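One-letter residues, chain by chain:
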Amino acid sequence: MTVRRAAIPEVLIVEHEPFLDERGFLMEAYNAADFAEYADLGLPSEFVQLNHSRSTKGVTRGLHFQWDPPMGKFMRVARGEAFFVAVDIRPGSPTLGDYVSVVANDENHVALWAPACFARGLTTLSDVVDVEYFITAHYYGPNESGIAWDDPDVGIDWPVTEPILSARDSAAQTLAEWLARPEAQHFRYEDWS
């Protein structure tokens, strides 16, 4: 396993190295001891929950986040291919509104870690996509929100123009609207850098 900082250093790109043979492959997607070796980069070694989603081609999920309890996400593709995104939503951050993106699939074994102070999302690129989310806090709906996938102030270069969205994601706020809310102060840059 190799771990490297993305353009926004709090976001990490993890590349797993599977054991390959004529039968296929075997890979440790998560090993607490291996993850602990990268604690100095901010990679957690403990997660409280593993979520699994299946989506068809063109589905966009996000951009989601939760402030209390703060929820970080480690996202990986178990089947298919997806475009992962993490957007900096920390008031006062020099990279506020900037994003990191990566294409992850079941052949390159790339995963993305984004702390709680980032809004995360994805778009599916193959006909069927299974994504696993290792999360650092239990879901609490009243303290969860999102940013509009197409917010022009963020300007994500999505590989899809007409995504399939949930009703919740279709009605998501802009980054500016999030920053005007008092809850945004949970993610102040000085507390999360």
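Residues numbered from 1 in each chain as written. Predicted model: local features only at pLDDT ≥ 70, side-chain atom pairs only at ≥ 80, totals over all residues. Heavy atoms only, no water.

**Focus: the overall build of the protein chain**
- Of regular secondary structure, the protein chain possesses three helices and 13 strands.
- For the protein chain, whose C-alpha radius of gyration is 16 Å, the value lies close to the compact-globule estimate of 16 Å for 193 residues.
- The principal-axis extent of the C-alpha atoms belonging to the protein chain is close to 55 × 40 × 30 Å.
- Counting every position in the protein chain, which comprises 193 residues, the buried fraction comes to 49%.
- When contacts within the protein chain are restricted to residue pairs at least 6 apart in sequence, long-range pairs at least 24 apart make up 78% of them.
- For the protein chain, the computed accessible surface area is about 9200 Å², with 50% contributed by carbon and sulfur atoms.
- Counting 14 positive and 30 negative side-chain charges, the protein chain places the centres of these two groups 4 Å from one another. (Helix = DSSP H or I, 4+ residues; strand = E, 2+ residues; numbered from the N terminus. Rg over C-alpha atoms; globule rule 2.2 N^0.38 Å. Buried < 20%, exposed > 50% of the residue type's maximum accessible area, 1.4 Å probe, protein only. Contact = heavy atoms within 4.5 Å. Areas by Shrake-Rupley, 256 points an atom, 1.4 Å probe, with all protein chains shown as cover. Lys, Arg positive; Asp, Glu negative; His and termini not counted. Charge placed at Lys NZ, Arg CZ, Asp CG, Glu CD.)

**So, the pattern of salt bridges**
- According to the stated counting rule, one finds 12 salt bridges in the structure shown.
- The salt bridge partner of Glu10 is Arg90, with a shortest N-O separation of 3.1 Å. With Glu10 in the loop between β1 (2-5) and β2 (12-15) and Arg90 in the loop between β8 (81-88) and β9 (99-105), this residue pair connects regions lying 80 residues apart in the sequence.
- Owing to a relative accessible area of 0%, Arg90 belongs among the buried residues under this scheme.
- In this structure, Asp191 and Arg188 form a salt bridge, with 2.7 Å as the shortest nitrogen-oxygen distance. (Salt bridge = Lys/Arg side-chain N within 4 Å of Asp/Glu carboxyl O.)

**Concerning the packing of aromatic side chains**
- Going through the model one piece at a time under the given rule, you end up with 17 aromatic pairs.
- Seen from their ring centres, Phe35 and Phe74 are 5.2 Å apart, and the 75° between their planes marks the pair as edge-to-face. Taken as a pair, Phe35 in helix α1 (residues 32-36) and Phe74 in strand β7 (residues 73-79) lie far apart in primary sequence, 39 residues in all.
- Residue class for Phe35 comes out buried when judged on its relative accessible area of 1%.
- Judged by its relative accessible area of 0%, Phe74 is buried. (Phe/Tyr/Trp six-rings, centres within 6.5 Å; stacked < 30°, edge-to-face > 60°.)

**Comments concerning unusual backbone geometry**
- In the segment running from Gly62 into Leu63, the intervening peptide bond is cis, with an omega of 20°.
- Examined against the element boundaries, Leu63 turns out to sit in strand β6 (residues 60-66).
- That bond from Asp68 to Pro69 is cis: its omega, 0°, falls within 30 degrees of zero.
- Mapping Pro69 onto the fold places it in the loop between β6 and β7.
- Positive phi is not limited to glycine here, since His109 has a value of about 55°.
- Structurally, the position occupied by His109 is in the loop between β9 and β10 (110-114).

**Topic: the sheet that holds β7**
- Overall, antiparallel pairing links the six strands, which are arranged β1-β2-β10-β7-β12-β5 in an open sheet. Looking at strand neighbours, the two that pair on one side only are β1 and β5 (49-56), the edges of this open sheet. Ignoring which end each strand starts from, the neighbouring axes of this sheet average 25° apart.
- Relative to strand β12 (residues 128-135), β5 runs antiparallel, the two sharing eight bridges. When the bridges of β12 are listed, Ser55 appears paired with Val129. (Pairing = 2+ DSSP bridges. Axes fitted to C-alpha atoms, helices over the stretch in contact; angles between N-to-C directions.)

**Description of the sheet that holds β6**
- Spatially, the five strands line up as an open sheet ordered β9-β8-β11-β6-β13, and their pairing is antiparallel. The open sheet has two free edges, formed respectively by β9 and β13 (144-146), since each of these has just one partner strand. Neighbour-to-neighbour, the strand axes of this sheet turn through a mean angle of 25°, independent of strand direction.
- Alignment of β6 against strand β11 (residues 118-124), held across four bridges, turns out to be antiparallel.

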